[in-house]
Amino acid sequence: MNPILWAKEKSIYIIVFVLLLLLALVMAIFYFEGMSAEAARVYVQALSTIATLALLYYAYYNVISRQQEDIAHLELAVRPILVWELEPDNSQARFTYKTLKHPIYDLHISLLLGSKRKVIEERHLDVSESNPASIRKLDITDFLLEGLDGEKSGLLSLKFSYHSEVGGKYEFLFSKEVVKKPKGFLFQHRKIVSAKYPWRSEAVRFED
């Protein structure tokens, strides 16, 4: 096991052990080296305060960890899977999205290309397996042409945020290269940039 990881996991035990050693040292100096009772009392109080704060932090950390585990178990039971695709349709561009397994709520999609932004919002998106009509197919040709602004290619950013049935918020950031062809478009190099899950306090970033 990595020594640093082991030390981090056992940090509370290491701190308590060190404090006990210091306490024993203070008592030894008091009995054998003639430390005054007032000085010994100050040292003991300081060590007791440090030990109390360490134990309180450890208890708080355990509570937070337990809450994160509970949230993760609950969310995984109802976690929706948002599926999206951007593809050419003859001379047009078709943006399709749907949800699998579980419905999603308060869906917010932001498409950014160049200086142009397109926002899509839905209060509720039903599961496509049980309701095929919930599959969304949007023509975003005009948006892409305006975003490219005469350029042959550009990087499209796609940001998704939505909630599960139990209220957990999910956020995802993707990018995809858009290439303008003489007739239609070419979409390539799809990449996930970051992902934020309800059971994590920070977003997960995916580096090259």
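Here is a short report on the structure shown in this document. (Residues numbered from 1 in each chain as written. Predicted model: local features only at pLDDT ≥ 70, side-chain atom pairs only at ≥ 80, totals over all residues. Heavy atoms only, no water.)

This part takes up unusual backbone geometry. Backbone geometry at Asn90 places phi at a positive 60 degrees, although glycine is not the residue there. As for its placement among the helices and strands, Asn90 is situated in the loop between β1 (81–89) and β2 (92–100). The backbone phi angle of Lys101 is positive, close to 75 degrees, even though this residue is not glycine. Residue position: Lys101 is located in the loop between β2 and β3 (104–113). (Helix = DSSP H or I, 4+ residues; strand = E, 2+ residues; numbered from the N terminus.)

We now examine the pairing of strand β6 (residues 153–163). In this sheet, β6 lies alongside β3 in antiparallel orientation, the contact comprising 6 bridges. By the bridge assignment for β6, Ser110 is matched with Lys159. Hairpin geometry of β6 and strand β7 (residues 169–180) is characterised by an intervening segment of 5 residues between the two adjacent antiparallel strands and by a positive phi of about 100 degrees at Gly167. (Pairing = 2+ DSSP bridges.)

What follows covers the pattern of salt bridges. The tally for this structure, following the rule as stated, stands at 6 salt bridges. With a shortest N-O distance of 3.8 Å, Glu85 and Arg190 are connected by a salt bridge. A residue pair is termed long-range when its members are at least 10 positions apart, and Glu85 in strand β1 and Arg190 in strand β8 (residues 185–196) qualify at 105 residues. Residue class for Glu85 comes out partly exposed when judged on its relative accessible area of 31%. When its relative accessible area of 39% is taken as the criterion, Arg190 is described as partly exposed. (Salt bridge = Lys/Arg side-chain N within 4 Å of Asp/Glu carboxyl O. Buried < 20%, exposed > 50% of the residue type's maximum accessible area, 1.4 Å probe, protein only.)

Residue position: Phe187 is located in strand β8. Considering only alpha carbons, one finds Phe187 and Glu177, 10 residues apart in sequence, at a separation of 5.7 Å. Apart from the residues lying within four places of it in its own chain, the contact partners of Phe187 are Leu86, Glu87, Pro88, Ala93, Leu144, Lys176, Glu177 and Val178. (Contact = heavy atoms within 4.5 Å.)

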